[in-house]
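Next come the chains, spelled out residue by residue.
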Amino acid sequence: MKISDLPPFPPDIAEVYVAFGDITFLPDWEEIPQNYKDGIARGAKIAEVLCAGGWDFAAKIFPDLHNTSADLAVPPSDHVYAVGEERDPVIRFKKVIDAISVSFQPKHQHKVAGIGYLIDLWAPEKTF
């Protein structure tokens, strides 16, 4: 997927995609900025930990992301929810990330870089 086509907030995906994987929202390798491919961007570092040990492991290293104190991107106030659409941005966020991480394709490096980009897009670091 082209970065320009990514939704500005996490989409709602079905649980089946979380179980079996889905890369619909994974940016194309060519579209991902180099600092994510090199693993030096904030999101790429978080993604590497998530892919290695899951959310509970990541919570020990990045508690802000786990306890939802990160600024999660949410739908605009005029967003019309479909019937049954998940409204909690945290659940939406985790479902998309989990669906990408369990998919069999593409290579690990692509998934980590892409998930890292999505983390920085949808859960930017808070400014204090």
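Refer to the preceding data block for the structure.
These remarks concern the structure in this document. (Residues numbered from 1 in each chain as written. Predicted model: local features only at pLDDT ≥ 70, side-chain atom pairs only at ≥ 80, totals over all residues. Heavy atoms only, no water.)

## Points about unusual backbone geometry
Okay, so step 1: Looking along the chain, the bond that leaves Gln 105 and enters Pro 106 is cis, with omega of -10°.
Okay, so step 2: Assignment of secondary structure puts Pro 106 in the loop between helix H5 (89-102) and helix H6 (108-122). (Helix = DSSP H or I, 4+ residues; strand = E, 2+ residues; numbered from the N terminus.)

## A short note on a nonpolar patch on the surface
Okay, so step 1: A cluster of nonpolar side chains, namely Val 16, Tyr 17 and Phe 20, defines an oily patch on the protein surface of about 330 Å² accessible area.
Okay, so step 2: For Tyr 17, the location among the structural elements is in helix H1 (residues 15-20).
Okay, so step 3: A relative accessible area of 39% places Tyr 17 in the partly exposed class. (Patch = residues over 30% accessible without salt bridge, like charges linked within 9 Å, V, L, I, M, F, W, Y side chains within 5 Å. Areas by Shrake-Rupley, 256 points an atom, 1.4 Å probe, with all protein chains shown as cover. Salt bridge = Lys/Arg side-chain N within 4 Å of Asp/Glu carboxyl O. Buried < 20%, exposed > 50% of the residue type's maximum accessible area, 1.4 Å probe, protein only.)

## Focus on the pattern of salt bridges
Okay, so step 1: Throughout the structure, instances matching the rule amount to five salt bridges.
Okay, so step 2: Lys 95 is the salt-bridge partner of Asp 12, the closest N and O atoms lying 3.3 Å from each other. Taken together, the residues span a long stretch of sequence, with Asp 12 in the segment before H1 and Lys 95 in helix H5 at a distance of 83 residues.
Okay, so step 3: Classification of Lys 95 by relative accessible area gives buried; the value is 10%.
Okay, so step 4: A salt bridge links Glu 85 to Arg 92; its shortest N-O distance comes to 3.1 Å.

## A short note on the nonpolar core
Okay, so step 1: Residues Tyr 36, Leu 50, Phe 93, Ile 97, Ile 119 and Trp 122 are the most contacted members of the largest nonpolar core, which totals 33 residues.
Okay, so step 2: Contributions of two or more residues to this core are made by helix H3 (42-61), H5 and H6.
Okay, so step 3: Not counting residues within four places of it along the chain, the set of residues in contact with Ile 97 comprises Leu 50, Trp 55, Ile 115, Leu 118 and Ile 119. (Core = buried A, V, L, I, M, F, W, Y, C linked by side-chain atoms within 4.5 Å. Contact = heavy atoms within 4.5 Å.)

## What to know about the side chain of Glu 85
Okay, so step 1: Relative to the assigned elements, Glu 85 resides in the loop between helix H4 (63-66) and H5.
Okay, so step 2: In this structure Glu 85 comes out as buried when scored by relative accessible area, which is 17%.
Okay, so step 3: With near-sequence residues (within four places) excluded, Glu 85 lies in contact with Asp 12, His 79, Val 80 and Arg 92.

## As for H6
Okay, so step 1: Taking 1.5 Å per residue as the helical rise, H6 with its 15 residues ought to reach 21 Å, and the 21 Å between its terminal C-alpha atoms agrees with that figure.
Okay, so step 2: Most of H6 sits out of view: 11 of its 15 residues are buried.
Okay, so step 3: Turning to H6, its buried residues are His 110, Lys 111, Val 112, Ala 113, Gly 114, Ile 115, Gly 116, Tyr 117, Leu 118, Ile 119 and Trp 122.
Okay, so step 4: For H6, the secondary structure elements touched by its buried residues are helix H2 (34-37), H3 and H5. (Expected span 1.5 Å × (residues − 1).)

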